[in-house]
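# Chains, contacts and geometry: an overview
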Amino acid sequence: MYYMRFTKGIWLGLLTILLSASAWSEEVIRLSGIPDENPTELQRKFQPMVDYLQQQLGAKVQYVPVIDYGAAVSALAAGKIDFAWLGGFTFVQAKVMAGAQPVVMRDIDRKFKSVFIAHSTAGITKPEDMRGKSFAFGSKSSTSGHLFPRHFLITLHRINPEKDFSGSPIYSGAHDATVKMVESGKVQAGALNIEVWNRMLTTGKVDQSKVKVIWTTPEYVDYVWAARKGLSPQTIEKFANAFLSLDLAKPAERQVLEIQGAQQFVRANPKDFDTIEQIARSTGLLK
Amino acid sequence: MSAIDRSAERKRFAIWSAIAVSAVIAAEFVGADPSKLVDRDGLSNAGDLLSGLANPDFSKEFLLRIGALSVESLMIGVLGTVLAVILGGAIALFTVRVPDLPHPPRQLPPGQRLGFEGVRLLGRWLLGILRSIPEIVWAYLFVRLFGLGAIPAILAIGLAVGGSIGKLYSELAEAVDPRAVLALRTMGARRFPILFFSVIPQVSRQWVAYALFRLECNIRSGTILGVVGAGGLGSEIALAIRYFQYDKLATALMAVLAFVIALEFVSAWLRRSPHHYAVIAAVAGGLLALIWLDLPLGDLLNPATEMAVMHLSFEWDFMATAARQVVDTLAMAWVATVVSAVVAFLLAPLAASPLTTRSYLPDPIRMRGLGLAIRTGAKWFSRAILQSTRAMPELTLALVFVVWVGAGPLAGILAIAVHNAGVLGRLYSDVLEEVEPGPPAALQAMGAGSMGTFLFGVLPQVRARLAAFTLYRFEVNVRATAMVGFVGAGGIGDSLHTAISLFHLQDLVVLLITMVALVTVVDAIGDRIRSRILRSDHGRTQHDLQPARVVDIEKVDAPSVFLPVTFGEQLVQIRRVLEVTPETIIVQTSQQVPEGQCMNLVPSSVSSSAAGVMVTACRTQILLDGTFVYELTPCANPSEAAQWVRGEQVTSWHLQPQPAAQFQQLQPN
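This text gives an overview of the structure that appears in the document. Just so you know, these numbers come straight off a predicted model, no measurement behind them.

## Observations regarding the overall build of chain A
Along chain A, the regular secondary structure elements total 10 helices and 12 strands. Expressed as a percentage of the 287 residues in chain A, the buried residues total 56%. Sequence separation of at least 24 residues holds for 78% of the intrachain contacts in chain A that already meet a minimum separation of 6. A distance of 5 Å separates the average location of the 34 positive side-chain charges in chain A from that of its 27 negative side-chain charges.

## Concerning the pattern of salt bridges
Residues and elements named next belong to chain A. If you walk through the whole model with that rule in mind, you get 26 salt bridges over all chains. Arg106 is the partner of Asp109 in a salt bridge, and the nearest nitrogen-oxygen pair spans 2.8 Å. The exposure class assigned to Asp109 is buried, which follows from its relative accessible area of 0%. Using a relative accessible area of 1% as the deciding quantity, one classes Arg106 as buried.

## Observations concerning the pairing of strand β3 (residues 572–580) of chain B
Here β3(B) pairs with strand β4 (residues 585–589) of chain B via 5 bridges, running antiparallel. Note on β4(B): the bridge partner recorded for Arg576(B) is Gln588(B).

## Some details on the sheet that holds strand β6 (residues 114–119) of chain A
Strands belonging to one sheet form pairs held by backbone hydrogen bonds; the direction of such a pair is parallel or antiparallel. Residue and element names in this part refer to chain A. Ordered by their spatial adjacency, 5 strands build an open sheet running β8-β7-β9-β6-β10, and the pairing between neighbours is mixed. Each edge of the open sheet carries a strand with a single partner, namely β8 (170–171) and β10 (211–216). In terms of strand pairing, β6 meets strand β9 (residues 189–193) through 5 bridges, oriented antiparallel. Following the sheet pairing, Ile117 is matched in β9 by Gly190. Packing against the sheet, helix α5 (residues 143–155) makes contact with β6, β7 (135–137), β8, β9 and β10, and its axis sits at approximately 130° to β7. In the packing of helix α7 (residues 194–202) onto the sheet, contacts are made with β6, β9 and β10, and the angle to β9 comes to roughly 100°.

## Notes on the nonpolar core
In this structure, Leu53(A), Phe83(A) and Trp225(A) are the most contacted members of the largest nonpolar core, which totals 219 residues. In terms of nonpolar packing, the next biggest core, distinct from the first, is built from 20 residues, Tyr360(B), Leu427(B), Leu432(B) and Leu466(B) among them.

## Details of the sheet that holds strand β11 (residues 224–227) of chain A
Residue and element names in this part refer to chain A. Spatial ordering of the open sheet is given by β2-β1-β3-β11-β4, a layout of 5 strands whose pairing is mixed. Two strands close off the open sheet at either side, each with one partner strand: β2 (61–63) and β4 (101–102). Helix-sheet contacts for helix α3 (residues 69–77) involve β1 (29–33), β3 (83–86) and β11, and the interaxial angle to β3 is about 150°.

## Focus on helix α2 (residues 39–57) of chain A
Residues and elements named next belong to chain A. Between the first and last C-alpha of α2 there are 25 Å, a value that for 19 residues agrees with the 27 Å anticipated at 1.5 Å per step. When α2 is considered as a whole, its buried residues turn out to be Glu41, Leu42, Lys45, Phe46, Pro48, Met49, Val50, Tyr52, Leu53 and Leu57. The first or second residue beyond α2 is Gly58, which carries a positive phi of 65°.

## Examining the pairing of β6(A)
All names here are of chain A. Counting buried positions along β6 gives 6 out of 6 residues, so the element sits mostly inside the fold. Here β6 shows a buried face lined by Ser114, Phe116 and Ala118 and a second buried face lined by Val115, Ile117 and His119. As paired strands, β6 and β10 are joined by 5 bridges and run antiparallel to one another. Bridging from a neighbouring strand, Phe116 pairs with Trp215 of β10.

Rules used in this analysis
Residues numbered from 1 in each chain as written. Chains lettered and ligands numbered in written order. Predicted model: local features only at pLDDT ≥ 70, side-chain atom pairs only at ≥ 80, totals over all residues. Heavy atoms only, no water. Helix = DSSP H or I, 4+ residues; strand = E, 2+ residues; numbered from the N terminus. Buried < 20%, exposed > 50% of the residue type's maximum accessible area, 1.4 Å probe, protein only. Contact = heavy atoms within 4.5 Å. Lys, Arg positive; Asp, Glu negative; His and termini not counted. Charge placed at Lys NZ, Arg CZ, Asp CG, Glu CD. Salt bridge = Lys/Arg side-chain N within 4 Å of Asp/Glu carboxyl O. Pairing = 2+ DSSP bridges. Axes fitted to C-alpha atoms, helices over the stretch in contact; angles between N-to-C directions. Core = buried A, V, L, I, M, F, W, Y, C linked by side-chain atoms within 4.5 Å. Expected span 1.5 Å × (residues − 1).

This is how it looks when you write it as structure tokens:
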């Protein structure tokens, strides 16, 4: 009677499931961030910050890596993480879906920009030249790699990304991946976050003979630390203060700021994100 | 009637031209330009890929990570299968139609009967939905609901495969011998006692066999679902491709290949061994997997349902997009199927032993020297190609082709075509090896070469089945197209990915409904055309071999499950005599044999029925390649019969049905 043995196995399995489910609970502050760069780089960027927060908040801080933008949003929405480092657009998604609140942002996030880059042999010198060329955005859910570049293409340059490029635009998945795609000639042009671009320039990760900047966008508001709904105001305040008190003069704290490419952290203003929400709706990315 | 009737020939010509033209038009329609494979970018991309692939990253830490991820993939496959069997089996219990007595003495009240029928339809419908949505879509949805890791992959496999398992389980259960069921009915037994004491004992072996077979497919899926963040090797593959680290990609792909090929051996061994070993192995594997993966199962009780509260509204714009996606998907699947069918058709005969290195004749002139070496080389070459292309999941291939030719339908078509060529090649060569040996043997005896034997002795016997299999794979490929779209290879999957990743729930709902409708319609139409092809062939063949009906071998990449529908008064070809004991003769055959009826077992080369031994058959096993194992009990003088069978120098046997009247005079002695 094989199926009898089989049923026994099922019961054993269910028992194990229940046992391991009950063993799950521990109090920690869990952080995550959208995976806008490759995992090794993210780990490097987040580790000093996690160490600093652990010491400031006096609690165990755990960084939960994700490989999908939306996964960071839904993890925050579901309360699986307490704070998330989100882009402007992903924050708006989290706000609309689950009432996430903005906490702090870097000084540079108030006047963030994107750059449009092109392969040097593609014959592109100004944005209008990109018509009829192949083009790569970053992740579909990226603010500086997709939402704003798309918005500026449509409003300022009258280029419809779905019609005017050669073929549909490609989504590389991350900012550094966009640079690599343009550099290798797999696409002729692309758009990405200016901070990542500058960092790749200074660390020599870009072959400047092959890739050049053709246009830089106007300023807009981007990245923000968001808190999940239902977190106590005290916890949020403690978290905010830890960032606001970061001081360039102190060597350990200087490192945290430098890796983030910031001079200091500032309080985020919820109003700033209304524009992003509007643009996200008008470009059809937020429905 | 004119001397030569050419109308059939013209019709055939028209059909073949239509297929070729439609494939070209479809390729044009989706904008797939094959020259991209070899243009400047294509070549340089391929060069990058190859040079990376030629230098795999064998650093110790990376190998350790790949090893750990491989084990994770394995565990995901095992747990996914356990979940699928539980889910599919449970739903199947409600969807099985249990035959009733012709004139039941006691009828259920109409309300209750309607209720039962309602539950049955609901179950069918649920199974249909579960299996029409590919695993990768489920996986991405579950990544959203439960976060990253192994849980989404396990649930995805559980649901998608649960749908197929449930469908096949209920079909198998409805094909049981109704007499045993009716016997219980007359005793007044109700539905569930009948299922547990009559139906399930009859099908348990088949159920276990199919589950084992799916296990293999699921472990393969487990290696790739990580592309959307669902654990296993897939995440490493996706990252390696995103950052052009082809050396790492090479290592990961090698791991997949080694893994999948090793798996085929293990599952072939499991299939041969007694079934309860397999069940014990599966349960032990499931428990081990639970411990190893250390799943945060608490998360299951706490999904991120917030994304479900967004408002739903219909947009006509989007309906038009969805319609265009449907056409794209069908066109891609069609091109891929036609291309791969051509490749498989050319490779399959090379992989079939009797056509290359051996012969249909019992005592052929042996081939020697260079000729034999070339033929053996061709055989192993084609087998190696079919094996390795079959081993690569479509999704992995799609990722590679996206790098090679860029994102878009061409990458999707190529990925599906390559994988499908392997699968079809295997199915074709299985069919080719099962032909009635008479006609090709006759041709070979007259000195026909391999080509002649194939074209005039083998092909006419199997063409209907080849066509049916190809059509069947087209249906599977429609689903596969939705899958490869997920990594940027065009079709409906691309829109599904956008809808999930941007939380466009109303689009997602529209797309999922479209997807389910598309798969259901394609399956239904395919089913009808297939059975027509097989029937029309049935009328023509002289031997009246009833072709097997394909039940459900979706995403089946290896042997298939068949259910022969009927058995006529026909010769039964014995594939192999497995064992001869003093009491019984155990044989393997691809046809069903009427049990308990006297038949004459004769060597194939002998035409006179007087030269055989009378036996009755009893089925002991159904193997997953669609063949049956029968225990033949000689009707008289068993030990003499056994000796006679052993003494015969032939390898090929037939069973001839005997009219009862002849029985006495034909008995040996």
